[in-house]
Structures are given as C-alpha cells and as structure tokens.
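Structural description and commentary
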Amino acid sequence: MEKKYLESAILFARLYGIAETLNPWAYVENEKFICMIREWTEEYLRMESEDILKFFDLKIF
C-alpha cells in the first residue's frame, strides 16, 4: 500500500480512539470501524487536503 494511505489510516484510527475516550459513543463493530476508516482515508486523499484534523473534525461532528 501507498505510504501516505497507511499513515493517514493509522492517524484516523488513533484520532478516533482518542475522541472515543473523550465522548460517550456507542461501540462500533470492528468490520464497520475498518470500513469507516478506509472510507475516510480514501476521501481525505482524494481531497488532497493538508489539514487532517479539520477533516477528522468534520467527520465526527
């Protein structure tokens, strides 16, 4: 896989984990979580945006 794809997917997973500990969210099954991270990563990379935190913020709120 492309390095930027992996880096972005890992960062989204980490950010989600942090946000999940700070917010009372319902449990997400592993398969659904993986699909969500893949979708976010692919969308983020298509946008060619440099602000991953802003993108993440838009996705979770």
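For the structure given in this document, a descriptive report is provided here.

What counts and what doesn't
Residues numbered from 1 in each chain as written. Predicted model: local features only at pLDDT ≥ 70, side-chain atom pairs only at ≥ 80, totals over all residues. Heavy atoms only, no water. Core = buried A, V, L, I, M, F, W, Y, C linked by side-chain atoms within 4.5 Å. Buried < 20%, exposed > 50% of the residue type's maximum accessible area, 1.4 Å probe, protein only. Helix = DSSP H or I, 4+ residues; strand = E, 2+ residues; numbered from the N terminus. Contact = heavy atoms within 4.5 Å. Phe/Tyr/Trp six-rings, centres within 6.5 Å; stacked < 30°, edge-to-face > 60°. Axes fitted to C-alpha atoms, helices over the stretch in contact; angles between N-to-C directions. Parallel < 35°, antiparallel > 145°, perpendicular 65-115°, else oblique. Left-handed = near helix turned anticlockwise from the far one by under 90°. Nonpolar A, V, L, I, M, F, W, Y, C, P; charged D, E, K, R; others polar.

1. Description of the nonpolar core
Judged by nonpolar contacts, the single largest core of 14 residues is most densely connected at Phe12, Tyr16, Trp40 and Phe56. Put simply, the parts of the chain that give this core at least two residues each are helix H1 (3-22), helix H2 (30-47) and helix H3 (52-60). Each residue touching phenylalanine 56, except ones within four places of it in the same chain, is listed here: Phe12, Leu15, Tyr16, Ala19 and Trp40.

2. Some thoughts on the packing of aromatic side chains
In this structure the tally under the stated criterion is nine aromatic pairs. Considering the side-chain rings of tyrosine 16 and tryptophan 25, the 5.1 Å spacing of their centres and the 45 degrees angle between planes classify their relative orientation as tilted. For tyrosine 16, a relative accessible area of 8% gives the class buried. Given a relative accessible area of 28%, tryptophan 25 falls into the partly exposed group. One aromatic cluster is present, formed by Phe12, Tyr16, Trp25, Phe33, Trp40, Tyr44, Phe55 and Phe56 through successive ring pairs.

3. Quick notes on the packing of H2 against H3
Two elements in contact, H2 and H3, have axes separated by 11 Å at closest approach and are oriented at 135 degrees. Looking at the two axes, H2 sits oblique to H3. In this structure, H2 crosses over H3, and the sense of that crossing is right-handed. Along the contact surface, H2 presents Trp40, Glu43, Tyr44 and Met47, while H3 presents Ile52, Phe55, Phe56, Lys59 and Ile60. Grouping the amino acids of the contact of H2 with H3 by side-chain chemistry returns seven nonpolar, no polar and two charged.

As far as function goes, none of this settles anything; it's purely spatial.
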